[in-house]
Amino acid sequence: MKITTLILILFTLLCIQPSSAQSLDPVRIGIDGLSHDHVHGILNNYQKRSDIQIVGIAESDKKRAKELADRYGFDLSIVYDDLQTMVEKTKPEGVVAFNSIYDHLKTVEVCAPRGIHVMVEKPLAVSAEHAEKMKRLAREFNIYLLTNYETTWYPTIYKAFEMAVSNNEIGEINKVMINDGHKGPVEIGCSPEFLAWLTDPVLNGGGAVTDFGCYGANIMTWIMQNEIPETVTSVLQTIKPDIYPNVDDQATIILTYPDAQAIIQGSWNWPVDRKDLTIYGKDGYVEASDQHNLEFRLNRSAPKQELKITDFPLETNDPFSYFSSVIKGEIKVKNTDLSSLENNIIVVKILDAAKKSAAEGKTVTLK
């Protein structure tokens, strides 16, 4: 009896160990492009991570690759001239894109047929046409296609959402104001490699309207649970044509819904960095002034209250850990999530309509 029991235990352990070990293995990640300055986020601490392993990098600019290799300590032997060669040689499970927004489509065209999941930096695509092609590829080849925003990792926006949307603590929402921006990418010292496409109307799809308008479109689409706005009205300006001769540096976008309105302001002209959100309801308001500071009044007679928000509601507060957990099946992405493909298809439609509205000087109807 004892021998039989021992055999059963050993058999069970042999069956369990491979799958347990597999779940503990880091996800093999490739990087497509090093020109986006947000790439510092993944390179900064990759050697200390156990959730991901960088197995390959696609970057044709050898000077940029060597500069970052010297800074962060990765071996230049994992750098390849193009994405196709990199994925064939290194077999990543997921690829994170730090190239131009225009090139996001090419990233998906290479990765999707090979079953490689993709996470791009915001926004998803330069146009609705590109976005729809990416969506078709993701659906056809059953891959995850996520979009990463800095604000997705702000605890305050989740608290604001909980109060205003989930718990209806401020009454029916009627207006949302979202502001994002800074002094300008040149003024804050973005790298030449980043500026080369960030200030190009084709490669970036616009200036501040793309770079910062996408944040507001993403968050408002989340608040409205993927409801498409009825109309989009936009004004784009170039306040500093000597610095940004080819793209807008000032963007204001107004979205209307049957019972609500959103004002999205994206700017490369603000004297200070800002990423803030205010949701107004029939009775009160809630304001996330940054990632940790929240202010609210639940009704007209209630005093203003301020909170410091540090707790984060998702299983992880890091985009690359999130991506690896999604790939492993540990996190399920809902259609209405901030990173979801469904949300970000709507974001690109809003940005397309905003550019059209500004160019034609009239409101664009979406619904």
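See the structure above.
Residues numbered from 1 in each chain as written. Predicted model: local features only at pLDDT ≥ 70, side-chain atom pairs only at ≥ 80, totals over all residues. Heavy atoms only, no water.

Before going further, it helps to spend a moment on the sheet that holds strand 9 (residues 250-257). Strand-to-strand pairing in sheets goes through backbone hydrogen bonds, with the strands running parallel or antiparallel. Sheet architecture is open: 9 strands sit in the order 14-13-12-11-7-10-9-8-15, paired in mixed fashion. Single-partner strands in this sheet number two, and they are strand 14 (305-308) and strand 15 (364-365). Two elements, strand 8 (residues 231-237) and strand 9, share 7 bridges in a ladder whose sense is antiparallel. When the bridges of strand 9 are listed, Thr233 appears paired with Ile254. Each of strand 7 (173-181), strand 9, strand 10 (260-267) and strand 11 (274-281) touches helix 10 (residues 213-223); the most contacted strand, strand 7, lies at about 150° to it. Contacts from helix 12 (residues 341-360) reach strand 8, strand 9 and strand 15, with the element oriented near 60° to strand 8. (Pairing = 2+ DSSP bridges. Helix = DSSP H or I, 4+ residues; strand = E, 2+ residues; numbered from the N terminus. Contact = heavy atoms within 4.5 Å. Axes fitted to C-alpha atoms, helices over the stretch in contact; angles between N-to-C directions.)

Okay, the sheet that holds strand 5 (residues 117-121) next. An order of 3-2-1-4-5-6 is seen for the 6 strands of this open sheet, with the pairing classed as parallel. If you trace the sheet from one side to the other, it starts and ends with strand 3 (79-80) and strand 6 (145-148), each paired once. As defined by bridge partners, strand 2 (residues 52-58) adjoins strand 3 across 2 bridges and the pair is classed as parallel. Bridge pairing in strand 3 places Ala58 opposite Tyr80. Along the sheet face, helix 4 (residues 83-90) touches strand 1 (27-32), strand 2, strand 3 and strand 4 (94-97) and points at about 140° away from the line of strand 2. Sheet contacts for helix 11 (residues 319-328): strand 1, strand 2, strand 4, strand 5 and strand 6; angle to strand 5, the most-contacted strand, approximately 160°.

The next subject is unusual backbone geometry. In this structure, Pro123 follows Lys122 across a cis peptide bond, with omega equal to -15°. By secondary structure assignment, the location of Pro123 is in the loop between strand 5 and helix 6 (128-140). Of note, Asn142 is a non-glycine position whose phi angle comes to about 55°, a positive value. Within the element layout of this structure, Asn142 appears in the loop between helix 6 and strand 6. Although it is not a glycine, Asn226 sits at a positive phi angle of roughly 70°. If you trace the backbone, Asn226 turns up in the loop between helix 10 and strand 8.

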